[in-house]
Amino acid sequence: MDTLSFLHRLSVCLVDLRLHDREKICAFISDALFPDYESDDLQVCYGHPSFSNTYQRDLFDIQNSNAFFWMMTWMFLLLLWFFPAFRWERFTPFILQGGHDQVKGGIEVYAAFLGYELSILLFPYVEKTKKSMAAIYVGNAMLSLSYLCLALICFGFFSLGQLKRLLYPVLDLLAYIQLPFIERLENLLYGFFLFLILMTVVMYWWAAEEAVKRIVPKLKTTVLVFVMMAVSYAISFIPKTLDQVNVWITNLGYAAVGIAFGFPILLLIVLLIQGKARSSHE
Amino acid sequence: MNNKLFISMAVLLLLTGCKSDERILEKLGMVQTSSYDLLENNKLKVTSCVPVIDPNSTIRRELLSAEVDSIKEARLDFSRQTDLKVVSGQLRDSLFGAKLAKAGVEDYIDTLLRDPSIALGVRITVVEGDAGELLTKNFKPHTDTGRYITHMLEKEAAGNSIPATTFYEFSRDYNDDGIDPVTPIVKDAGNKVLIDGIALFQEDRYVTKISAEDGIIFGLFRDDLRQGEIAINLGQEDGKKVVVMFSSLLNKRKIKVHHLEDGRFKIDLSASIQGSVLEYTGKQKLNEEKDRNELEKQISEYITARAQKMVQQMQQYNVDSFGIGVHVRNSLSYKEWKALNWREVYPEIEVECQTKVTIKDYGKYS
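Cut-off values and rules
Residue indices follow the written sequence of each chain, beginning from 1 at its first position. Labels are handed out in written order, letters beginning with A for the chains and numbers beginning with 1 for the ligands. Confidence filtering applies because this is a predicted model: local features only for residues at pLDDT of at least 70, side-chain atom pairs given and counted only at 80 or more, and all residues used for totals across whole chains, interfaces and linings. Where side-chain values are given, they derive from all heavy atoms of the structure, hydrogens and water being excluded. Strands are runs of DSSP state E lasting at least two residues, helices are runs of H or I lasting at least four, and both sets are numbered from the N terminus onward. Burial classes follow relative accessibility: with a 1.4 Å probe on protein chains only, a residue under 20% of its type's maximum area counts as buried, one over 50% as exposed, and anything between as partly exposed. Counting of polar contacts relies on pairs of N or O atoms within 3.5 Å, with two restrictions inside protein: one atom must be capable of donating a hydrogen and the other of accepting it, and residues adjacent in sequence are counted only when both atoms are side-chain atoms. It only takes one pair of heavy atoms within 4.5 Å for two residues to be counted as in contact. Take the accessible area each of two parts loses on contact, using a 1.4 Å probe, and add the two losses: that sum is the buried area. The working definition used for a salt bridge is a side-chain nitrogen of Lys or Arg within 4 Å of a carboxyl oxygen of Asp or Glu. The pairing criterion is simple: DSSP has to find at least two bridges between the two strands. Lines are fitted to the C-alpha atoms to define the axes, a helix being fitted only along its stretch in contact, and any angle between axes, read from their N-to-C directions, falls within 0 to 180 degrees. Lys and Arg are tallied as positive, Asp and Glu as negative. Neither His nor the chain termini are counted. The predictor reports its confidence for every residue as pLDDT, a score running from 0 up to 100.

1. Regarding the side chain of A:Glu186
Residue and element names in this part refer to chain A.
Inference 1: Structurally, the position occupied by Glu186 is in helix H9 (residues 186–215).
Inference 2: Of the residues examined, Glu186 reaches a relative accessible area of 5% and is grouped as buried.
Inference 3: Within polar-contact distance, the side chain of Glu186 engages the side chain of Arg184 at 3.0 Å.
Inference 4: Non-local contacts of Glu186, meaning those with residues more than four positions away in its chain, are made with Leu171, Leu174 and Ala175.

Here it is in structure tokens:
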């Protein structure tokens, strides 16, 4: 009887510990991995590569990003599944051969790395420390690393000719995984990707809200957000076929690349003009 | 608070949109094995096997068959034959009749790969003879021939005596330049289904096969292996047959491409095999190093000779099942490879097989 009650108490304690210390454990692990950064920093910035601020807690729920961070990172472990079928021979030594327009392709690929430009909008909210900038870099580095891992696995797992024919290689990668108790994981795992998309969308909506608030300062924020969401939802009904969607994504990607490069330059020019105007006044 | 409740109720209403996508397990006919045959009149005979879930039924499977022009057309035909909704998400094995495989399977594989409900893990198997007939036939004590074949192939592929060939491997090798796909062949052997060998494809056409006994040797020279067994017949000594059973194989395959001065290639195809001896009926003493080395040499000579013959056969039928072309490609520059017609060059090149055998242990008896 005594042993039982002891065990019971122990298990309760353990459960308690698990619940309470979950965040501590998370923090511990990320501390161990990246000792220079606070765990929250990392998790937030990985949730979105451009987002890196621990101080603006009302902007984004740290707890959520914690959950999202682990929801995504564990999926790296799935890549281990492809090692047995991985062959370096399939890479071929032909680097940048037989392709089409490399500049155009480069810009299209570049769109996948976008998001960092949002950090411009974060400046007013962030304390100007080295750490917050470093968090942006870490966020982007982790994103790049995940793309790199995925690309390497794809090239070693699929043959080049096959890769050219596959429209959604990542979907096929996930479909290949067969655990003893579950198959066709891709249907399940794609749900997780939705969370990542949600984070990205929310960040862009926030950025849009920040900008539009300056243009129409009188509008109430809730109304503004509602209108923006309604508009972007309505836009999603315009493209009817998958190919049209791709055209939209590509074009919007170009636009976003333009903003990412053009916006800072525009700001610098404005600053220059301002400075000149000021100095001529004096 | 009331507001929140209202909103969550309204969101719940969105779920009604899923009604059109409703799938009830009992009402689904989940195809597990499908077979495809080419008929005399150029029509396609599709036979699908759907397991019966009803525990009260003595029949374990329902067979659906249709003569159609395309695979997906067959599904429409099937739903006119059964009260179940025929779906293909549980497909495990696709059996292709030899006639169809010889005519080329590209179009059919294309259809099956295009369907997002079919995974890359579906097996491709060639059936010597009529695949539909094999699938329809009952083999006691197995209640479901399709599953029987799938499990048998799965088990054998795990032991590497036949290659594991799913859509992933097939389309990978088919779409790559410098390697040709392979699949296992099964046939009806009266009261059993028998693995007959390995079908070697040229592009998407089944051209020739190698026997099931040579399956493991084929495996040793196609890829690195981590498991496998091979029985080697070393002839006779004093009127007694000498057999070595070599087990727990660990294999490292290497292809080395030499560029000869006149622009030709010479290929060194080598396998370095480790394993344990489970059975030996000859005279050598296994616990003496000199004898063991002698035995290793005999085994390696045997394997090399068989592999050399296999390469000859492949070159004769112009199928590059070992993937020698991949390594030749990787040894060339992009321009040189594009200028090279591998199909023309391949039958003429010199391939030398080498085998290095190491006996790791010889059981618990000296």
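Now that the structure has been shown, the text picks up again.
2. What about the interface of chain A and chain B?
Inference 1: Between chain A and chain B, the residue contacts involve 22 residues of the former and 26 residues of the latter.
Inference 2: Together chain A and chain B conceal approximately 1,900 Å² of surface at their shared face, both sides included; 51% is due to carbon and sulfur atoms.
Inference 3: Counting the surface chain A buries against chain B, the share from its top three residues, A:Glu89, A:Phe94 and A:Arg184, is 28%.
Inference 4: Run the count over chain A and chain B and you get 4 salt bridges.
Inference 5: Between A:Arg165 and B:Asp110 there is a salt bridge, and its shortest N-O distance comes to 3.2 Å.

3. Quick look at helix H8 (residues 215–222) of chain B
Inference 1: With 8 of its 8 residues buried, H8(B) lies for the most part within the structure.
Inference 2: Listed in full, the buried residues belonging to H8(B) are B:Gly215, B:Ile216, B:Ile217, B:Phe218, B:Gly219, B:Leu220, B:Phe221 and B:Arg222.

4. What to know about the pattern of salt bridges
Residues and elements named next belong to chain B.
Inference 1: Following the criterion strictly, the structure yields 30 salt bridges over all chains and no others.
Inference 2: In this structure, the salt-bridge partner of Lys209 is Asp196, at a minimum N-O distance of 2.6 Å. In this pair, Lys209 sits in strand E10 (residues 205–211) while Asp196 sits in strand E9 (residues 193–202), placing the two residues 13 residues apart along the sequence.
Inference 3: For Lys209, a relative accessible area of 31% translates into the label partly exposed.
Inference 4: Residue Asp196 is classed as buried on the basis of its relative accessible area, which comes to 13%.

5. Some thoughts on the environment of A:Ile153
All names here are of chain A.
Inference 1: With respect to the helices and strands, the residue Ile153 is situated in helix H6 (residues 130–157).
Inference 2: Each C-alpha atom, one on Ile153 and one on Leu173, is 9.1 Å from the other, the two residues being 20 residues apart in sequence.
Inference 3: For Ile153, the contacting residues outside a window of four places in its chain are Leu79, Phe82, Phe83, Phe86, Phe158 and Leu173.

6. Observations regarding the sheet that holds strand E8 (residues 182–188) of chain B
All names here are of chain B.
Inference 1: Spatially, the 8 strands line up as an open sheet ordered E4-E3-E2-E6-E7-E8-E9-E10, and their pairing is mixed. Whereas interior strands pair on both sides, the edge strands pair on one side only; in this sheet they are strand E4 (61–68) and E10. Taken pair by pair, the neighbouring strands of this sheet meet at an average axis angle of 30°, ignoring direction.
Inference 2: Sheet topology note: the strand E3 (residues 44–51)/E4 ladder contains 8 bridges and is antiparallel. Bridging from a neighbouring strand, Lys45 pairs with Glu67 of E4.
Inference 3: Contacts between H8 and the sheet are confined to E8, E9 and E10, with E9 contributing the most and set at about 35° to the helix.

7. Observations concerning the side chain of B:Asp93
Residues and elements named next belong to chain B.
Inference 1: Looking at the secondary structure, you find Asp93 in strand E6 (residues 93–97).
Inference 2: For the buried Asp93, which has no salt bridge, the nearest side chain bearing the opposite charge is Arg123, at an N-O separation of 5.6 Å.
Inference 3: Here the side chain of Asp93 touches Thr125 through a polar contact of 3.0 Å, side chain to side chain.
Inference 4: Sequence-distant contacts of Asp93, that is, excluding residues within four places in its chain, are made with Gln32, Thr33, Ser34, Val122, Arg123, Ile124, Thr125, Ile149, Thr150 and Leu153.

8. A short note on unusual backbone geometry
Residue and element names in this part refer to chain B.
Inference 1: With an omega dihedral of 5°, the bond running from Lys140 to Pro141 counts as a cis peptide bond.
Inference 2: Positionally, Pro141 belongs in the loop between helix H5 (131–136) and helix H6 (145–158).
Inference 3: Backbone geometry at Asn160 places phi at a positive 65°, although glycine is not the residue there.
Inference 4: Structurally, Asn160 can be placed in the loop between H6 and helix H7 (167–175).
Inference 5: The backbone of Asn318 sits at a positive phi, close to 55°, despite the residue not being glycine.
Inference 6: Checked against the element boundaries, Asn318 lands in the loop between helix H9 (289–317) and helix H10 (324–330).
Inference 7: Here Asn318 falls in the buried class, since its relative accessible area comes to 15%.

9. Let's talk about the confidence of the model for chain A
Inference 1: Residues at a pLDDT of 70 or more form 76% of chain A, whose mean pLDDT is 74.
Inference 2: Taken together, the stretch residues 1–60 of chain A has pLDDT below 50 and engages in 89 contacts with residues farther than four places along the chain or on a different chain.

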